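A closer look at the structure
One-letter residues, chain by chain:
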Amino acid sequence: MAVAELNSAFTKTHFHSSQLSFLSRSVPKHQHCDFPTLHRTQQHARISCSVTQNQVQAPAVQIQEPKSKSDCYGVFCLTYDLKAEEETKSWKKLINIAVSGAAGMISNHLLFKLASGEVFGPDQPIALKLLGSERSLQALEGVAMELEDSLFPLLREVSIGIDPYEVFQDAEWALLIGAKPRGPGMERADLLDINGQIFAEQGRALNAVASRNVKVIVVGNPCNTNALICMKNAPNIPAKNFHALTRLDENRAKCQLALKAGVFYDKVSNVTIWGNHSTTQVPDFLNAKIDGMPVIDVIKDRKWLEEEFTEKVQKRGGVLIQKWGRSSAASTAVSIVDAIRALITPTPKGDWFSTGVYTDGNPYGIAEGIVFSMPCRSNGDGDYVLVKDVIFDDYLRNRIAKASVKLIS
Ligand SMILES: NC(=O)C1=CN([C@@H]2O[C@H](COP(=O)(O)OP(=O)(O)OC[C@H]3O[C@@H](n4cnc5c(N)ncnc54)[C@H](OP(=O)(O)O)[C@@H]3O)[C@@H](O)[C@H]2O)C=CC1
Ligand SMILES: O=C([O-])CC(=O)C(=O)O
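Residues numbered from 1 in each chain as written. Chains lettered and ligands numbered in written order. Predicted model: local features only at pLDDT ≥ 70, side-chain atom pairs only at ≥ 80, totals over all residues.

Per an unreviewed UniProt entry, the recorded name for the protein chain is Malate dehydrogenase [NADP], chloroplastic, and the organism is Arachis hypogaea. Its UniProt record gives the protein chain a comment under Subcellular location (unreviewed entry), which states: "Plastid, Chloroplast". (UniProt positions renumbered as here; feature names shortened; annotations may be inferred.)

Take a look at the structure:
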């Protein structure tokens, strides 16, 4: 009997419709299973079909009761059995990615990029663990429905929930986006009172249940301070695993330099954003390059670099809010993709990327104990090192010092 038939017969016989979406059926749809077996415990139902080289083994069936709202969603309760699949495909082991604020604007772009394979690669199956709140739970179901309808082959599991202690379970990546955005006329720092609490709680939850090597990217503003709060509440996770997203600022700086130099932006490299994701950030034109040449040799207008360029990058987010009436979402999602890919692919020779990380042990003399954006390289294993061969002049040193004073105070 084909497994699909078996599943169908099985569900008809044993489940009320309310239970169906929680049935875990773990046989590849395309795979014919000749010897399906039902394994059942009080709490779980799972049908699986293990395949060895030339042999189809008996599948295990477990019945799963809905535990909580963070349980699997809809069709994702019918995921393939990856163990069996891994023996027939050269796919990597499933990774767990937790996303907070999953019903928000940024996530609405990001989740589909993650699920498409564009971020972790075409051979990397993923599980998405989506965190919402009471107020967003319905919207979160809508997001999960859209993910279902997108038929992404690499998206093997989706679960939704409102309790970070459940949603962050075994997370290997935590993309912390959920936080109130600022509106016109506000500074990002104005959000600290409202958003800081969220990151303290989520830090504690990550500390309790996430993978011990989880990589955490904090997006919700003010992201440097929120990353620090999160990190301080997660003492069992390495401090260097916490990032504040400044990649959007790096991308904005690259675009402005390219525009001024009259080149396409892929010619711009070695751009560091120093400091805070705020108007005190320092976009570094001294070390940046255009087509391999120092920017200051290509754009000879130092006044423009120090003033117009710097201010444009610092204030780009605010200007966009004035125009759109809400903050950057699509370009932020793209920059989160860039930030993740920067950590999981080797950095191109001679280049680097910016990310906000903990300053303890930094080689630049920046005050310790803060989360500050600095230049990093990665060998692609999820980790990074700070770049040592950067140059400073008085302008850059003074600007960096001012930026760090703001974060310390
Ligand atoms: N670092 C960076 O480069 C950038 C950071 N950002 C920041 O990312 C965050 C998310 O932005 P975006 O997705 O556009 O925002 P949205 O308003 O679209 O979604 C944010 C989500 O945050 C959650 N949230 C938590 N607390 C509140 C609150 N008090 N009021 C409203 N929502 C709340 C909500 O989800 P739920 O109810 O499920 O908790 C909401 O869905 C913001 O803080 C924004 O400033 C934005 C652009 C760039
Ligand atoms: O400006 C904001 O509030 C949103 C944000 O962080 C950005 O666009 O850089």
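Now that the structure has been shown, the text picks up again.
1. A closer look at the overall build of the protein chain
Across its full length, the protein chain holds 13 helices and 19 strands. Counting over 409 residues, the protein chain shows a buried share of 44%. A separation of at least 24 residues holds for 69% of the contacts in the protein chain among residues at least 6 apart in sequence. (Helix = DSSP H or I, 4+ residues; strand = E, 2+ residues; numbered from the N terminus. Buried ≥ 20, exposed ≤ 12 C-beta atoms within 10 Å, placed from the backbone. Contact = placed C-beta atoms within 7 Å.)

2. Description of the UniProt feature "domain: Lactate/malate dehydrogenase C-terminal" (unreviewed entry) in the protein chain
Mapped onto this structure's residue numbering, the UniProt feature "domain: Lactate/malate dehydrogenase C-terminal" (unreviewed entry) falls at residues 246-407. This span, residues 246-407, is 44% helix and 17% strand, and a straight line between its end C-alpha atoms measures 15 Å.

3. Digging into the UniProt feature "domain: Lactate/malate dehydrogenase N-terminal" (unreviewed entry) in the protein chain
The feature "domain: Lactate/malate dehydrogenase N-terminal" (unreviewed entry), as annotated in UniProt, sits at residues 96-243 in this numbering. Spanning residues 96-243, this segment combines 39% helix with 19% strand, and its end C-alpha atoms are found 18 Å apart.

4. A short note on the sheet that holds strand E16 (residues 293-294)
Spatially, the three strands line up as an open sheet ordered E12-E15-E16, and their pairing is antiparallel. Sheet topology places strand E12 (268-269) and E16 at the edges, where each strand pairs with a single neighbour. Summarising the sheet, E12 and strand E15 (residues 289-290) pair through two bridges and their orientation is antiparallel. By the bridge assignment, Ser-269 is partnered in E15 with Lys-289. (Pairing = 2+ DSSP bridges.)

5. Brief notes about the environment of Ser-150
Relative to the elements of secondary structure, Ser-150 occurs in the loop between helix H5 (137-149) and strand E8 (155-161). Taking the C-beta count within 10 Å as the criterion, Ser-150 has 12 such neighbours and is therefore assigned exposed. Spatially, the C-alpha atoms of Ser-150 and Ser-116 are 9.1 Å apart, while their sequence positions differ by 34 residues. When sequence neighbours within four positions are dropped, the list of residues in contact with Ser-150 reads Phe-112 and Ala-115.

6. Here's the deal with the site of ligand 1
In the neighbourhood of ligand 1, 28 residues make up the surrounding shell, with Gly-101, Gly-104, Met-105, Ser-136 and Lys-180 lying closest. The set of elements that each furnish at least two residues to the shell around ligand 1 consists of helix H4 (105-116) and helix H7 (192-209). The residue inventory of the shell around ligand 1, partitioned by class, reads 13 nonpolar, twelve polar and three charged. Both domain 2 (90-241) and domain 3 (247-408) contribute no fewer than three residues apiece to the shell around ligand 1. (Near = placed C-beta within 6 Å. Nonpolar A, V, L, I, M, F, W, Y, C, P; charged D, E, K, R; others polar. Domains from an automatic or database assignment.)

7. Focus: the pairing of strand E17 (residues 353-358)
Among the six residues of E17, six are classified as buried, and the element is accordingly described as predominantly covered. Both E17 and strand E18 (residues 371-377) contribute to a ladder of six bridges, which runs antiparallel. Paired with Ser-354 across the two strands is Pro-375, which belongs to E18.

8. Some words on the site of ligand 2
Every residue near ligand 2 is listed here: Pro-181, Arg-182, Arg-188, Asn-221, Leu-248, His-277, Gly-317, Gly-318, Leu-320, Ile-321, Ser-327 and Ser-328. No other element matches the four residues that helix H11 (residues 302-324) contributes to the shell around ligand 2. Here the shell around ligand 2 spans two domains, since at least three of its residues come from each of domain 2 (90-241) and domain 3 (247-408).

9. Digging into the environment of Leu-94
If you trace the backbone, Leu-94 turns up in the loop between helix H3 (82-88) and strand E6 (95-100). Exposure remark for Leu-94: the 19 C-beta atoms within 10 Å place this residue in the partly exposed category. Taking the C-alpha atoms as reference, Leu-94 lies 47 Å from Asp-297; in sequence the two are 203 residues apart.

10. Some remarks on the nonpolar core
One finds Leu-128, Ala-174, Leu-175 and Val-218 to be the most contacted residues of the largest nonpolar core, which totals 93 residues. Both of domain 2 (90-241) and domain 3 (247-408) provide at least three residues apiece to this core. Once residues lying within four places of it in the same chain are set aside, the contact partners of Leu-175 are Ile-97, Ala-98, Val-99, Ile-217, Val-219 and Ile-336. (Core = buried A, V, L, I, M, F, W, Y, C linked by C-beta atoms within 7 Å.)

11. Quick notes on the pairing of E6
Successive residues of a regular strand alternate their side chains across the two faces of the sheet. Burial within E6 is extensive, with five of its six residues counted as buried. When E6 meets strand E7 (residues 126-131), the two strands line up parallel, connected through six bridges. Note on E7: the bridge partner recorded for Ala-98 is Lys-129. On the question of chirality, the crossover connecting E6 to the parallel E7 by way of H4 is right-handed. Pairing between E6 and strand E9 (residues 173-176): four bridges, direction parallel. Looking at the pairing, Val-99 lines up with Leu-175 of E9. (Right-handed = clockwise from strand over helix to strand, strands pointing away.)

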